[in-house]
Amino acid sequence: MSKIYAAGILGIGCYVPEKILTNHDLEKMVDTSNEWIIERTGIKTRHIAAPEQATSDLATIAAQRALQSANVKAEDLDLIIVATASPDMAFPSTACLVQENIKATKAAAFDLSAGCSGFVYSLTVASQMIVSGLYKNILIIGAEALSKIMNWKDRNTCILFGDGAGAAVIGRVEDGYGTLGFNLGADGSGGHTLCQPAGGSRIPASLETVEKDMHYIHMSGNEVFKFAIKVMGEAANAALQAANISANEVDLFVPHQANIRIINSAAKRLGLSMDKVVVNLEKYGNTSAASIPIALCEALEQGRIKKGDNVALVGFGAGLTWAACVLKWSME
Ligand code: UT7
């Protein structure tokens with residue numbers, strides 16, 4: 001355990017389900033308007049999982065694409081971490097379901113619960129296991145089928161979220177590349193502002209909880225918004241400091257895709273021009289733990305990242321939590 005390796009992303013893949021739900025579709029479902037949604041959030045469409053698709057199904061496709069991109073075989077994986085707030089079931093973990101789907105027979109597997117910050121939390125955990133020499137290849141996945149726990153009568157939440165998955169293979173990279181600095185945090189006092197109240201051990205499932213819509217996502221949007229505005233810049237700055245990189249050396253900023261106003265505020269706080277910021281929420285909405293890897297995956301496909309670039313990932317979410325990571329991009 002005394003060995004120290006550099007850890008980074010070896011390959012990345014993502015998947016969103018086919019069905020698209022537009023703001024105009026939502027106008028027919030709740031008292032809202034296309035204009036309100038665009039002005040307050042920036043979102044135009046979101047993708048919705050098919051009735052037979054669960055989170056592990058989305059995660060599996062993203063995982064297979066990431067393995068292909070990394071040129072790593074499933075049987076060479078040591079560990080699978082799935083970050084999700086919408087697991088197939090409370091247990092077994094969604095990571096174990098993915099392990100079986102991709103036949104990663106030698107991999108340990110567990111889920112990580114940190115809301116929309118889950119992918120960056122997973123990247124942090126996986127990195128340390130690579131750095132220490134404990135493992136060689138770790139698959140991390142952010143995957144959500146939030147549409148399954150959405151109250152489609154609640155305009156405060158149903159306009160925001162979408163389904164999807166993003167995955168990355170984490171392994172050893174050249175010295176000086178890969179993950180350079182992290183900042184993780186949590187403020188449990190805000191836990192009630194974004195939660196799924198029933199179905200756990202506090203309020204077990206009952207006819208009454210179903211009748212009261214307590215198995216759906218409940219959110220005080222405004223409180224989460226204020227939290228996000230505060231922590232996005234702080235977390236990014238702390239991770240940059242840990243990486244010994246200044247904000248003006250950032251080549252690409254990949255924020256959690258929750259709301260364009262939150263992203264604009266974070267970019268302004270860091271002094272970054274918007275051409276350095278990845279924004280795709282107009283197409284996918286907020287895909288929670290999947291949003292950062294999907295955005296990263298698209299940016300790579302669009303040729304927006306090259307080897308040696310400084311890439312900053314920053315998320316916030318249920319918990320309440322926040323997470324930031326700065327990487328020197330190692331993929332050719
Ligand atoms: O990944 C973490 C997950 N959560 C988040 O990222 C959420 C962060 N929060 C937000 O993005 C914003 O708070 C929202 C987009 C959710 C809401 O925007 P807001 O500017 O904070 O609006 P608000 O909640 O203060 O509501 C303003 C008004 C209210 O009407 P009154 O009381 O002023 O008459 C709401 O009832 O807008 C109304 N409203 C809507 N109107 C049309 C709320 N939702 C809608 C809607 N369509 N969908």
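Rules used in this analysis
- Residues numbered from 1 in each chain as written.
- Predicted model: local features only at pLDDT ≥ 70, side-chain atom pairs only at ≥ 80, totals over all residues.
- Heavy atoms only, no water.
- Domains from an automatic or database assignment.
- Contact = heavy atoms within 4.5 Å.
- Buried area = accessible area lost by both parts, 1.4 Å probe.
- Salt bridge = Lys/Arg side-chain N within 4 Å of Asp/Glu carboxyl O.
- Polar contact = N/O pair within 3.5 Å; in protein donor to acceptor, adjacent residues only side chain to side chain.
- Helix = DSSP H or I, 4+ residues; strand = E, 2+ residues; numbered from the N terminus.
- Nonpolar A, V, L, I, M, F, W, Y, C, P; charged D, E, K, R; others polar.
- Pairing = 2+ DSSP bridges.
- Axes fitted to C-alpha atoms, helices over the stretch in contact; angles between N-to-C directions.
- 1 Å grid on protein atoms, 1.4 Å probe; cavity = no way out; pocket = protein on both sides within 12 Å on 5 of 7 lines; lining within 4 Å.
- Points joined across faces, edges and corners; volume = space filled by probe spheres on them.
- Buried < 20%, exposed > 50% of the residue type's maximum accessible area, 1.4 Å probe, protein only.
- Arc of directions from axis to C-beta.
- Core = buried A, V, L, I, M, F, W, Y, C linked by side-chain atoms within 4.5 Å.

**With respect to the domain arrangement of the chain**
Taken as a whole, the chain is organised into domain 1 (6-176) and domain 2 (179-328). For domain 1 and domain 2, the distance between their C-alpha centres works out to 13 Å. Facing the 49 residues of domain 1 at the interface are 46 residues of domain 2. For the domain 1 and domain 2 pair, buried surface summed over both sides reaches about 3700 Å², with 67% attributable to carbon and sulfur atoms. Run the count over domain 1 and domain 2 and you get one salt bridge. E174 is paired through a salt bridge with K307; the nearest N and O atoms lie 2.6 Å apart. Taken together, domain 1 and domain 2 are joined by 20 residue pairs in polar contact (both at pLDDT 80 or more). Contributing elements (two or more residues each) for the side of domain 1 that touches domain 2: strand 1 (6-15), helix 2 (34-41), strand 3 (45-48), helix 5 (118-131), strand 6 (137-144) and strand 7 (164-173). Counted by class, the side of domain 1 that touches domain 2 contains 22 nonpolar, 19 polar and eight charged residues.

**What to know about the sheet that holds strand 6**
Here five strands make up an open sheet; going across it, the order is 1-7-6-4-5 and the pairing mixed. Looking at which strands have only one partner, the edges of the open sheet turn out to be strand 1 and strand 5 (108-112). Averaged over all neighbouring strand pairs, the angle between strand axes comes to 20°, with direction disregarded. In this sheet, strand 5 lies alongside strand 4 (residues 79-83) in parallel orientation, the contact comprising five bridges. Opposite I80, over in strand 5, you have A109 as the bridge partner. Strands strand 1 and strand 7 of the sheet are contacted by helix 10 (residues 291-301), whose axis makes an angle of about 90° with strand 1.

**Comments concerning the layout of surface pockets**
Empty space within the largest pocket amounts to approximately 960 Å³. A85, S86, P87, I149 and Q196 are, among the 35 residues lining the largest pocket, the residues nearest its centre. Across the lining of the largest pocket, the residue classes break down as 19 nonpolar, 13 polar and three charged. Of the residues that make up the lining of the largest pocket, three or more belong to each of domain 1 (6-176) and domain 2 (179-328).

**A short note on helix 4 (residues 94-102)**
Within the sequence span of helix 4, burial applies to T94, A95, V98 and I102. Seen end-on, helix 4 carries its buried residues on one side only, within an arc spanning 100°. Tucked into the core, helix 4 has its buried residues touching helix 3 (55-70), strand 4, strand 5 and strand 6. At the exit of helix 4 stands K103, carrying a positive phi of roughly 60°.

**What to know about the nonpolar core**
Membership of the largest hydrophobic core comes to 47 residues, with the highest contact counts inside it found for L240, F253, V314, F316 and V326. Sort the elements by how many residues they give to this core and helix 7 (residues 221-243) lands first, with ten residues. Three or more residues apiece are contributed to this core by two domains, here domain 1 (6-176) and domain 2 (179-328). Excluding residues that lie within four positions of it along the chain, F316 makes contacts with C116, S117, V224, F227, A228, V231, M232, H256, A258, I262, T321 and W322. One finds A7, A168, Y284 and L327 within the second-largest nonpolar core, a separate group that totals 37 residues.

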